[in-house]
Every structure is written in structure tokens, then in C-alpha cells.
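# Examination of the molecular architecture
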Amino acid sequence: MKKILVTRSSMPPLEEYIEKIKILWESRWLTNEGAFHAELIEKLQKYLNVNHFELFANGHLALEIALQALELNGEVITTPFTFLSTTNAIVRNGLKPIFCDIDAETWTLDVEKLSSLITEKTVAILPVHVYGIPCNIEEIERLAAEHGLKVIYDAAHAFGARYKGRSFAEFGDMSMFSFHATKVFHTIEGGGLSIRDGELVHKIERLRDFGICLGGGDADYIGTNAKLSEFHAAMGLCNLEHLEKEIAKRKACSELYDSYLRGVQGIQIFPDIEGLERNYAYYPVVFHSEFPYNRDEIFEKLKSENIIARKYFSPLISHMHSFSYMEDKGETPVAEYIADHVLCLPIYADLEHDVIEKICKIILDKV
Ligand SMILES: *Cc1c(COP(=O)(O)O)cnc(C)c1O
């Protein structure tokens with residue numbers, strides 16, 4: 001059987017991309033906030049229903065710049081059940097990550113434990129809508145207001161999803177999206193940031209371009225280079241046209257998995273969350289001890305059939321060698337358990353349904 005990976009980048013029809021980039025051969029305006037960059041921002045603002053949205057070379061730099069713009073100093077409460085980007089952005093801004101445990105059903109920050117970790121050193125909360133599952137937004141906003149904390153969401157997984165009729169860009173002080181090739185909507189490499197406070201927009205734009213003042217000459221900030229090129233923006237404009245169709249195809253894949261796996265003893269699938277319109281970015285499954293095989297055995301069984309599932313997110317960030325310098329990594333038993341038992345099964349728009357059936361039969365020993 002041909003190799004099946006956990007995801008496969010969606011591509012627009014080649015002619016559509018060629019039509020777009022032909023214009024760049026004429027204009028010779030290849031990067032630095034060109035016309036496609038402006039058009040993509042405008043379309044994303046409309047799609048996400050926000051007033052301020054900025055583009056970046058990748059999601060990680062969007063997050064680093066978001067934190068830098070707030071000029072924070074102290075502790076940031078976050079989850080260890082995420083991708084390295086979340087925590088690295090905190091540390092690379094000279095801030096201290098405080099790892100909070102997650103909820104066993106939603107795999108996002110456990111708000112009761114979160115509330116107990118808030119001290120006078122806490123300056124912000126950086127929650128992750130992991131797999132596109134909404135954090136307990138209401139409670140996080142309430143705690144942030146009560147303690148005067150900033151909330152920056154890592155919404156890298158949540159583009160295209162909606163919660164209670166709102167896009168995930170509408171929550172918190174800022175929300176970061178990744179437009180990496182492996183995400184539901186992509187610009188090859190790229191990222192975005194929604195910004196509630198319009199007064200921060202200019203600063204964030206300057207931080208993206210070395211801190212150089214508009215018009216050049218002087219600089220106001222110590223910025224980095226995180227600009228999105230016109231080729232990347234053009235890919236985004238093409239992909240945006242096909243987004244709804246791609247999500248619908250992902251939904252069909254997800255429902256086929258559900259038809260085999262829902263209700264099986266020892267198997268936990270994506271939580272039912274009222275008001276959530278999913279983007280079907282991931283298909284995570286937790287294999288508990290009541291299931292005859294553990295996560296690693298399932299991983300190996302699939303691998304022997306050339307199906308490469310992924311143990312997202314294992315190990316926990318707090319267990320990575322790069323964080324071994326930290327003395328206090330908090331108590332996160334639920335996150336540890338989920339990291340040891342979760343497996344993300346392949347899902348992407350063009351995944352053949354007979355492959356999904358085969359994967360389920362391998363898992364359920366029906367082959
Ligand atoms: C993909 C991802 C990012 C970073 O995105 P890049 O665009 O690759 O820099 C950040 N956080 C999470 C949870 C991600 O999955």
C-alpha cells in the first residue's frame with residue numbers, strides 16, 4: 001500500500017496560482033506589503049469578522065511579535081499539551097512559562113487549575129484551542145478581567161472553525177493563526193494575528209519589519225523580519241476560494257471515522273461541544289486501558305501497513321530536553337496521560353474513504 005501520512009497539503013488548481021503570480025512578473029513587487037498581501041488581509045478580516053488582522057512569514061513569528069508588542073514582564077500561564085511554538089514564543093520574549101494542566105474531556109486548559117496558578121507575577125494567559133477545540137473561553141475571559149491579565153490565544157488549529165457563531169479571531173486580546181502547509185488553510189508558510197486593540201496595530205506592523213519607521217530612515221523598535229511575500233499571499237488567495245469545499249470533504253472523512261470508532265469501549269474521540277462548528281483539522285483518538293491495544297501498539301500496527309499516524313502532542317513541551325533547565329514544571333498529570341495515550345489519525349480533504357475504512361479495521365482488528 002502507498003504511504004499515507006497524517007496530513008497532505010491542499011493545493012489549488014495550478015492554473016489558478018499561475019494566473020495570480022503572472023501579475024508578479026509584471027509588477028516586480030515580490031514582498032513588503034504588496035497588493036496580494038493587502039487583498040488577503042481584507043478578505044481574512046471579512047471571513048473572520050475582525051477589524052484588525054495582520055499577516056506574517058509564519059504563525060510562530062506572529063506569536064512572538066504579539067507578546068513583544070505587549071511589553072510584558074513576568075509569568076505566562078500556558079498548556080504543555082501543544083506544539084513547541086507556543087512555549088518557545090514565551091521564553092524567547094524573556095517571559096516565564098507556567099504549565100497548567102488540561103481538562104480530560106476537552107484537552108484544553110483546566111480553568112480551575114488555571115485560576116489556582118494566578119499570582120502577582122502573572123501577566124498573561126496563552127491558551128491553545130488544541131485540535132480546533134475551543135478553550136473555556138468564557139471562564140478565561142472572566143479570570144483575565146478579574147486579575148488584569150492579557151489573553152493571547154494560540155489558534156493555530158482553529159482557522160475555519162466557529163464557536164457560538166463567532167470566528168476564533170474574535171476572542172482574547174489577540175489570536176494567532178498558522179497558515180503552514182500542514183494546516184487546514186495555508187499560504188505554504190505563513191501566519192496571522194487578530195488584534196483587538198487597534199492602537200497596537202501600527203507597532204505590530206513595524207515589529208514585523210525590523211522596527212523601521214514608515215517612510216524609512218529611523219527605527220522605533222527592535223523588530224524582526226516576519227513579512228509574508230506576495231507568492232505566499234497569492235497562494236492564500238487561491239486556497240481561500242476552496243476552503244469551504246475542503247472543510248466539507250474533511251467533515252466526510254471525520255464522520256466515516258466516527259461511524260467506526262464512536263462508542264467503542266476504551267476509545268475516546270473528539271468531544272461534542274455545543275456551539276462548535278468544526279474545521280476537522282485533526283482526528284485525535286485517545287486509547288484507554290479498556291481498549292485491547294495501547295496507543296504505541298496501534299501506532300506500530302498502522303506503521304507496518306505504511307500508515308503514518310502522529311503522536312500529537314507527545315512528549316509534552318515541559319518534558320522536552322530544551323526545557324530541562326526549568327526547575328518547576330508544574331503538576332500536569334492529565335496532560336501527561338493524554339500525551340501518552342493520544343494518536344492523531346490521517347485526515348485531509350482528498351483522503352480516500354477506503355483508506356479510512358482500512359485504518360479503522362486495523363485499529364479494531366477486523367482485517
Ligand atoms: C503549527 C503551529 C504553530 C506554529 O505555526 P507555524 O506557522 O508553523 O510557525 C503554533 N502553535 C501550534 C499549536 C501549531 O500547531
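Reference entry: report on the structure contained in this document. Starting from 1, residues in each chain are numbered consecutively following that chain's sequence as written. Local features in this predicted model are restricted to residues of pLDDT 70 or higher, and side-chain atom pairs are both shown and tallied only at a pLDDT of 80 or more, whereas totals for entire chains, interfaces and linings draw on every residue. Just so you know, side-chain values use all the structure's heavy atoms and leave hydrogens and water out.

### Here's the deal with the site of the ligand
If even one non-hydrogen atom of a residue comes within 4 Å of a molecule or strand, that residue is called near it. Close to the ligand lie 14 residues, the nearest being Gly59, Asp154, His157, Ser178 and Lys183. For this analysis, a polar contact is any N or O atom pair within 3.5 Å, provided that within protein one partner can donate a hydrogen and the other can accept it, and provided that sequence-adjacent residues contribute only side-chain to side-chain pairs. Here an oxygen atom of the ligand sits 2.8 Å away from a polar atom, N or O, in the main chain of His60. A distance of 2.7 Å separates an oxygen atom of the ligand from a polar atom in the side chain of Ser178. Protein chains bury 92% of the 380 Å² of accessible surface belonging to the ligand in isolation. In this classification, Asp, Glu, Lys and Arg are treated as charged, Ala, Val, Leu, Ile, Met, Phe, Trp, Tyr, Cys and Pro as nonpolar, and every other residue, Gly included, as polar. Split by residue class, the shell around the ligand holds three nonpolar, nine polar and two charged. Areas reported here follow the Shrake-Rupley algorithm with a probe of radius 1.4 Å; residue values treat only the protein chains shown as occluding.

### Some details on the sheet that holds strand S11 (residues 267–268)
Pairing between strands is defined by DSSP: at least two bridges between them are needed. The helix and strand labels rest on DSSP assignments: H or I over at least four residues marks a helix, E over at least two residues marks a strand, and numbering proceeds from the N terminus. Reading across the sheet, the three strands line up as S11-S13-S15 and stay open at both edges, with antiparallel pairing between neighbours. The sheet is open, and its two borders are formed by S11 and strand S15 (342–345), each paired with just one other strand. Should any heavy atoms of two residues lie within 4.5 Å, those residues are considered in contact. Only the stretch in contact is used when fitting a helix axis, every axis being a line fitted to C-alpha atoms; angles between N-to-C directions are given from 0 to 180 degrees. Its contacts with the sheet put helix H8 (residues 230–261) on S11, strand S13 (283–287) and S15, and the angle it makes with S13 is roughly 20 degrees.

### Overview of the packing of aromatic side chains
Each pair of aromatic rings is reported with the distance of its centres and the angle of its planes. Put simply, two rings from Phe, Tyr or Trp (the six-membered ring, in Trp's case) pair if the centres are within 6.5 Å, and we call them stacked under 30 degrees between planes, edge-to-face over 60, tilted for the rest. Taken as a whole, this structure holds 21 aromatic pairs when the rule is applied. Residues Phe81 and Tyr131 carry aromatic rings whose centres are separated by 6.1 Å and whose planes lie at 80 degrees to one another, so their mutual orientation is edge-to-face. With a gap of 50 residues between them, Phe81 in the loop between strand S3 (75–78) and helix H4 (84–91) and Tyr131 in the loop between strand S5 (122–126) and helix H6 (137–147) connect regions that are remote in the sequence. For the residue pair Phe81 and Tyr131, the accessibility class agrees, reading buried in each case. Ring geometry for Phe159 against Phe177: centres 5.9 Å apart, planes inclined by 90 degrees, an arrangement best described as edge-to-face. Residue Phe159 is located in the loop between strand S6 (150–154) and strand S7 (162–163), and its partner Phe177 is located in strand S9 (residues 174–178); the two are separated by 18 residues in the primary sequence. An identical accessibility class is assigned to Phe159 and Phe177; each is buried. Only protein chains enter the accessibility calculation, which uses a 1.4 Å probe; a residue is then buried when its area is under 20% of its type maximum, exposed when over 50%, and partly exposed in between.

### A look at helix H2 (residues 35–48)
Expected helix span is computed as 1.5 Å times (number of residues minus one). In this model, H2 (14 residues) spans 20 Å end to end at C-alpha, consistent with the 20 Å of a helix rising 1.5 Å per residue. Taken together, the buried positions of H2 are occupied by Phe36, His37, Leu40, Ile41, Leu44, Tyr47 and Leu48. Along the axis of H2, the buried residues cluster in a sector spanning 135 degrees; they form a single face. Residues of H2 that are exposed and point more than 90 degrees away from the buried face comprise Ala35, Glu42 and Lys46. Where the residues of H2 are buried, they touch helix H1 (14–27), strand S2 (53–56), S7, strand S8 (166–167) and H8. Looking one or two places after H2, you find Asn49, whose phi comes out positive at around 60 degrees. It is the directions from the helix axis to the C-beta atoms whose arc is reported.

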